[in-house]
Amino acid sequence: MTTDTDVSRWEHDGDGVTTQFAYENRIFEAGDLDVYLNGTLQTLSIHYSVTNVGQKAGGVVDFVTPPGAGTKNVVIVSDIAQKQEVDYNELEDFSAEVTETALNRLTRMVHDLQMRIDRAVRLRDELVTTASLLLPAPEAGKVPRWNAAADALENSDLPAFLDGSGAPAGSLGNVDDRYIDNDTGDYYEKTGASSWTLTGNFEGPQGVQGIQGLQGLQGDTGAAGADGVFAEIASQAEAEGGTENTKGMTALRTAQAIAAIPPADNAITNAKLADVATDTIKGRATADTGDPEDLTPAQVRTMINVADGANAYSHPNHSGDVTSSGDGATTIANNAVTNAKAADMAQATLKGRASGAGTGDPTDLTPAQARSILNVADGANAYSHPNHTGDVTSTGDGATVIANNAVTNAKAADMAQATLKGRAAGAGTGDPTDLSAAQARAILNVADGAQVNPDQALIVAVGDETTAITTGSAKITFRMPFAFTLSAVRASLTTAGTTLTTVDINEGGATILSTKLTIDANENTSETAAAAAVISDTALADDAEITIDIDGAGTSAAGLKVTLIGKPT
């Protein structure tokens, strides 16, 4: 019975009710399955039992207690015991069933090992490298990484992430550590025992200038200043009169003096006005009447309702490529936009519109987008295909046909060494594949190493099992049932003699041995004789008369048998 699936692992969802879960491949003992529940290995006969051991289609794992609900929480893994229990005895009948069972067991072992290999870390098949995946000895706090030559794994410290103000000192950290300068955003990698390499910066470019904020509220009126000295309108005595706490003119006297002596026209010059800051204008922006204020340009523009940079410019009519009436809408004249005035395009692009519902702005199209719009293939042309002749024929650009007997061995796809063309798997008909030797043997139903014409043995008894043998010619006579090419001869005794036994074999009365068969004293077989037999005539004819002589009978020897080994011809 063949093995036709390589599945070695089955995953199931528990529901708290179901107890039986399928495995779908052959096992040979109940212990050939590893059963896990929620990641914990279960024990055979305590937690579960197994049905259909030895059956090609598999069976079920039957839990004593239904596994609880979970997604793929029941896992069954094939783990065929790695042992070989078939013992072949020389010259016994060949049992196809026993041999096939042994082969099936080996194949299932291969399936199990391949499943584990597929789940292991390994190098990709196409990589050309001699790198080793052998792990280094475990070290606390270390991680494996490729060495500098990228051909083996070594232990390495986990890189540390450091930060500080300014560039890092050479003595700081270890190789492969990282460092961030909090002042500038620069980040470094330690590339040597005392060297750091600047590798980039985390800060982005300067942002765009923000818009100007709103004008602030008018501040509170400040405290009144100290009384001034009015030399122009009061006498020195009046200015100095009063007590120490009330020096100067009284408020009433000051008002009377100012009213009595008004300033003359044009008397308050710019020099006598309070100083103003650069780019300020005298006016008043605050509500109601009051003291004049120093106004900013923005406040003045707000009062007179003009824009920043506004002027009395009168827009002329446009002419040429772009036309307009005064400061009205502009219009691009027909045929005015030349290739030079159109926006620059990347090489190998076209103007058009490839996506977006309805109409819209044209875009620069790639060749692929243009071909998609035109519904043509890459490299399409107006080529008219001729008829094919030779190995591959066609009519015009119609279907091509490979002529009979045109595909020679040289034109067939290359094959790996020791492979055959055929089809080993897949229902129905299909493409041929390159078969391995094992697949070809499976199709032909022959065993690995099977021979077309294996050695055969003719065993002849010379006397019975208990009677002591005696010397003499033609102690036994028989005729060959077919032509035979002799490759070896043997003799054996049931009871060993205490002296040497010598045997000769004759074809048509003539010996075929240049050195005769001997069995040493106290031995049962010629295979251990001090002098090995030498065959001088290996070709035994069909129906030839064969006689066996006992030239020397070992004392008390009995049960003599002679074996002829070779191939029918």
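Residues numbered from 1 in each chain as written. Predicted model: local features only at pLDDT ≥ 70, side-chain atom pairs only at ≥ 80, totals over all residues. Heavy atoms only, no water.

Focus: the overall build of the protein
Helix and strand counts for the protein stand at 6 helices and 34 strands. Along the first, second and third principal axes, the C-alpha set of the protein runs to 180 × 80 × 60 Å. Counting over 569 residues, the protein shows a buried share of 21%. At a minimum sequence separation of 6, the contacts of the protein that also span at least 24 residues come to 51%. Accessible area for the protein stands at about 39,000 Å²; split by element, carbon and sulfur atoms hold 53% of it. Side chains of the protein carry 35 positive and 74 negative charges; the gap between the two charge centres is 2 Å. (Helix = DSSP H or I, 4+ residues; strand = E, 2+ residues; numbered from the N terminus. Buried < 20%, exposed > 50% of the residue type's maximum accessible area, 1.4 Å probe, protein only. Contact = heavy atoms within 4.5 Å. Areas by Shrake-Rupley, 256 points an atom, 1.4 Å probe, with all protein chains shown as cover. Lys, Arg positive; Asp, Glu negative; His and termini not counted. Charge placed at Lys NZ, Arg CZ, Asp CG, Glu CD.)

Things to note about a nonpolar patch on the surface
A contiguous nonpolar surface patch, about 330 Å² in accessible area, is contributed by Tyr 88, Phe 94 and Val 98. Among the structural elements, Val 98 can be located in helix H1 (residues 96-118). (Patch = residues over 30% accessible without salt bridge, like charges linked within 9 Å, V, L, I, M, F, W, Y side chains within 5 Å. Salt bridge = Lys/Arg side-chain N within 4 Å of Asp/Glu carboxyl O.)

Overview of the sheet that holds strand E10 (residues 161-164)
Strands sit in the order E10-E11-E12-E13 across an open sheet of 4 strands; the sheet is mixed. A strand with exactly one partner marks an edge of an open sheet, and here the two such strands are E10 and strand E13 (195-201). Taken pair by pair, the neighbouring strands of this sheet meet at an average axis angle of 30°, ignoring direction. Pairing of strand E12 (residues 186-192) with E13, which is carried by 6 bridges, proceeds in the antiparallel orientation. (Pairing = 2+ DSSP bridges. Axes fitted to C-alpha atoms, helices over the stretch in contact; angles between N-to-C directions.)

Focus on the environment of Phe 63
Inspection of the secondary structure assignment puts Phe 63 in strand E6 (residues 59-63). Residue class for Phe 63 comes out buried when judged on its relative accessible area of 4%.

As for the nonpolar core
In this structure, Ile 505, Leu 517, Leu 560, Val 562 and Leu 564 are the most contacted members of the largest nonpolar core, which totals 25 residues. Sorting the residues of this core by element identifies strand E24 (456-462), strand E26 (484-492), strand E27 (501-507), strand E30 (517-519), strand E33 (545-552) and strand E34 (560-568) as the ones contributing at least two each. The residues touching Val 562, leaving out its near neighbours within four places in the chain, are Leu 458, Ile 459, Val 460, Val 462, Arg 490, Val 503, Ile 505, Leu 517 and Ile 548. In terms of nonpolar packing, the next biggest core, distinct from the first, is built from 16 residues, Trp 10, Tyr 23, Phe 63 and Ile 80 among them. (Core = buried A, V, L, I, M, F, W, Y, C linked by side-chain atoms within 4.5 Å.)

Section: the pairing of strand E8 (residues 142-146)
Pairing of E8 with strand E9 (residues 153-157) involves 5 bridges; the strand directions are antiparallel. Paired with Pro 144 across the bridge in E9 is Asn 155. From the end of E8 to the start of E9, which pair antiparallel, there are 6 residues, and Ala 150 there has a positive phi angle of about 55°.

Regarding the pattern of salt bridges
Using the criterion set out here, one finds 26 salt bridges in the structure. A salt bridge links Asp 391 to Lys 411; the shortest N-O distance between them is 1.9 Å. On the criterion of sequence distance, the pair formed by Asp 391 in the loop between helix H5 (367-374) and strand E20 (392-393) and Lys 411 in the loop between strand E21 (401-402) and strand E22 (420-422) is long-range, its members being 20 residues apart. By relative accessible area, Asp 391 is classed as partly exposed at 34%. Ionic contacts of the salt-bridge type, sharing partners, join the residues Arg 9, Glu 11 and Lys 72 into one network.

Points about the layout of surface pockets
What the second largest pocket holds in volume is close to 560 Å³. If you go around the second largest pocket, you meet 20 residues; those closest to its centre are Tyr 88, Leu 91, Glu 92, Phe 94 and Pro 454. Considered class by class, the residues forming the lining of the second largest pocket number 9 nonpolar, 6 polar and 5 charged. (1 Å grid on protein atoms, 1.4 Å probe; cavity = no way out; pocket = protein on both sides within 12 Å on 5 of 7 lines; lining within 4 Å. Points joined across faces, edges and corners; volume = space filled by probe spheres on them. Nonpolar A, V, L, I, M, F, W, Y, C, P; charged D, E, K, R; others polar.)

Re the sheet that holds E6
What the 3 strands build is an open sheet, ordered E2-E6-E5; its pairing is antiparallel. Here the strands that pair on one side only, and so sit at the sheet edges, are strand E2 (20-23) and strand E5 (48-50). Along the sheet, successive strands turn relative to each other by an average axial angle of 25°, direction set aside. The pairing of E5 with E6 spans 3 bridges and is antiparallel. Each bridged residue has a counterpart across the sheet, and for Val 50 the counterpart in E6 is Val 61.

Comments concerning unusual backbone geometry
The phi angle of most residues is negative, glycine excepted, and most peptide bonds adopt the trans form. Look at Ala 150: it is not a glycine, yet its phi comes out positive at around 55°. Along the chain, the position of Ala 150 falls in the loop between E8 and E9. Accessibility expressed as a relative area gives 46% for Ala 150, which makes it partly exposed. Non-glycine residue Asp 288 carries a positive phi angle of around 65°. One can find Asp 288 in the loop between strand E14 (281-283) and strand E15 (293-295).

Examining the side chain of Asp 181
By the secondary structure assignment, Asp 181 is in strand E11 (residues 178-181). It is Arg 178 that comes nearest to the buried, bridge-free Asp 181 among opposite-charge side chains, at 16 Å. Here Asp 181 is in contact with Gly 164, Ser 165, Gly 166, Ala 167, Asp 186 and Tyr 188, once residues within four sequence places are set aside.

Here we look at the confidence of the model for the protein
When pLDDT is averaged along the protein, the result is 85, and 91% of the positions lie at 70 or above. Of the regions scoring below 50 in pLDDT, residues 229-233 engages in 8 contacts with residues more than four places distant in sequence or in other chains. (pLDDT = per-residue confidence, 0-100.)

Quick word on the environment of Ser 171
Looking at the secondary structure, you find Ser 171 in the loop between E10 and E11. Residue class for Ser 171 comes out exposed when judged on its relative accessible area of 70%. For the pair Ser 171 and Ser 195, spaced 24 residues apart in sequence, the C-alpha separation works out to 8.1 Å.

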